[in-house]
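What the coordinates show
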Amino acid sequence: MEECRSTTTPMNQKEKFCNEDGAAKIDETLYRTLIGCLMYLTTTRPDIMNATSILSRYMRCASEIHFQAAKRIVRYIKGTIDYGLKFCQVKNSILHSYSDSDWASCVDDMRSTSGYCFSFSSTIFLWSSKRQEIIAQSTAEA
Amino acid sequence: MVDLQMEQKESTQILVDNQAAISIAKNHVFHGKTKHFKLKLYFLREVQREGEIQLIYCKTENQNADILTKSLPQAKYEFFRQRLGVCSFIAKKEC
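Remember, predicted model here, so these are calculated numbers, not experimental data.

Looking at the pattern of salt bridges
Residues and elements named next belong to chain A. In total, this model carries two salt bridges over all chains according to the counting rule given. Its salt-bridge partner being Glu-28, residue Arg-32 comes within 2.9 Å of it at the nearest N-O pair. Separated by four residues within a single helix, Arg-32 and Glu-28 lie in helix 1 (residues 28-41), roughly one turn from each other. For Arg-32, a relative accessible area of 39% puts it in the partly exposed group. A salt bridge links Asp-47 to Arg-45, with the shortest nitrogen-to-oxygen separation between them at 3.1 Å. Assessed through its relative accessible area of 4%, Arg-45 is described here as buried.

This is how it looks when you write it as structure tokens:
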């Protein structure tokens, strides 16, 4: 992986994953180790949070397609290895929070993903991206 | 916030890009279609009444949380990434 080409985004925009995609199964230990390492990285890199959170849903049924996507995140990190959260000093700092969710993105059970982030002045300090526990019946509910 | 020795005078603003969600959360009108998520709605209305939070509409273009919920095209992705405060340490040393 050291000489791979880097990508500009961690995940293909149109790609959808599902539990049983028919592709060959891979060694689950390897996949779980990789996802675990990426999870560790999300504490300083909120930009890969969503991609990692999506891929971690397929830990128990990892296939070649999921592994390819996980490797794409690694390639993205290779291109942005020197990035990190930067906290600058500002005079007027206000606490802002953003909240968003998509609708029925998970193909297997039609659950939505919600995400929020809290920012203080220009940099965020708290963020999350998570699959919802209930099945939302309208976009306003999601 | 108290630990940081900064008192919060105004309510925390939560920016949401769904206008329907905001109006349902604000108005005490009976919506037959919202029966199924009543419980959480009442909690939301309560904290709003007490002034702890404030729901504000924000355009999808400015919705920072977009990057946390879906995969985006490259230009949008880089814009939001920069707005989150993730930047290269080599290029922007002078900040």
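That covers the picture; the talk isn't over yet.
Considering the layout of surface pockets
All names here are of chain A. Of the voids in this model, the second largest pocket is the one considered here, and its volume is about 290 Å³. Lining the second largest pocket are 19 residues, with Glu-15, Lys-16, Ile-54, Asp-102 and Ser-105 sitting closest to its centre. Tallied by class, the residues present in the lining of the second largest pocket amount to eight nonpolar, five polar and six charged.

Re the confidence of the model for chain B
Residue and element names in this part refer to chain B. In this model, chain B carries an average pLDDT of 67, and 44% of its residues clear a pLDDT of 70 or more. Averaged pLDDT values over the elements of chain B bottom out at 65 in strand 1 (residues 12-16) and peak at 82 in helix 3 (residues 74-84). Scored by ipTM, the complex comes to 0.71, with pTM at 0.74.

Re the confidence of the model for chain A
Per-residue confidence for chain A averages 83 on the pLDDT scale, and 96% of its residues sit at or above 70. The lowest-confidence element of chain A is strand 2 (residues 95-101) of chain A, averaging 79 in pLDDT; the highest-confidence one is helix 1 of chain A, averaging 91.

A closer look at the pairing of strand 3 (residues 113-120) of chain A
Residues and elements named next belong to chain A. Of the two faces of strand 3, the one holding Thr-113, Gly-115, Cys-117 and Ser-119 is buried and the one holding Ser-114, Tyr-116, Phe-118 and Phe-120 is not buried anywhere. Examined bridge by bridge, strand 2 and strand 3 share seven bridges and lie antiparallel to one another. Paired with Ser-97 across the two strands is Phe-118, which belongs to strand 3. As consecutive antiparallel partners, strand 3 and strand 4 (residues 123-131) are separated by two residues, and within that stretch Ser-121 has a phi angle of approximately 60°, a positive value.

Considering the packing of aromatic side chains
Residues and elements named next belong to chain A. A full pass over the atoms with the stated rule returns four aromatic pairs over all chains. Where Phe-17 meets Tyr-58, the ring centres are 6.1 Å apart and the plane angle is 55°; that geometry is what we call tilted. Taken as a pair, Phe-17 in the segment before helix 1 and Tyr-58 in the loop between helix 2 (49-55) and helix 3 (64-79) lie far apart in primary sequence, 41 residues in all. Accessibility classification places Phe-17 together with Tyr-58 in one group, the buried group. On the basis of an interplanar angle of 75° and a centroid distance of 5.9 Å, the ring pair of Tyr-116 and Phe-118 is categorised as edge-to-face. Since its relative accessible area comes to 22%, Phe-118 is described here as partly exposed.

Cut-offs used in this document
- Residues numbered from 1 in each chain as written.
- Chains lettered and ligands numbered in written order.
- Predicted model: local features only at pLDDT ≥ 70, side-chain atom pairs only at ≥ 80, totals over all residues.
- Heavy atoms only, no water.
- Salt bridge = Lys/Arg side-chain N within 4 Å of Asp/Glu carboxyl O.
- Helix = DSSP H or I, 4+ residues; strand = E, 2+ residues; numbered from the N terminus.
- Buried < 20%, exposed > 50% of the residue type's maximum accessible area, 1.4 Å probe, protein only.
- 1 Å grid on protein atoms, 1.4 Å probe; cavity = no way out; pocket = protein on both sides within 12 Å on 5 of 7 lines; lining within 4 Å.
- Points joined across faces, edges and corners; volume = space filled by probe spheres on them.
- Nonpolar A, V, L, I, M, F, W, Y, C, P; charged D, E, K, R; others polar.
- pLDDT = per-residue confidence, 0-100.
- Pairing = 2+ DSSP bridges.
- Phe/Tyr/Trp six-rings, centres within 6.5 Å; stacked < 30°, edge-to-face > 60°.

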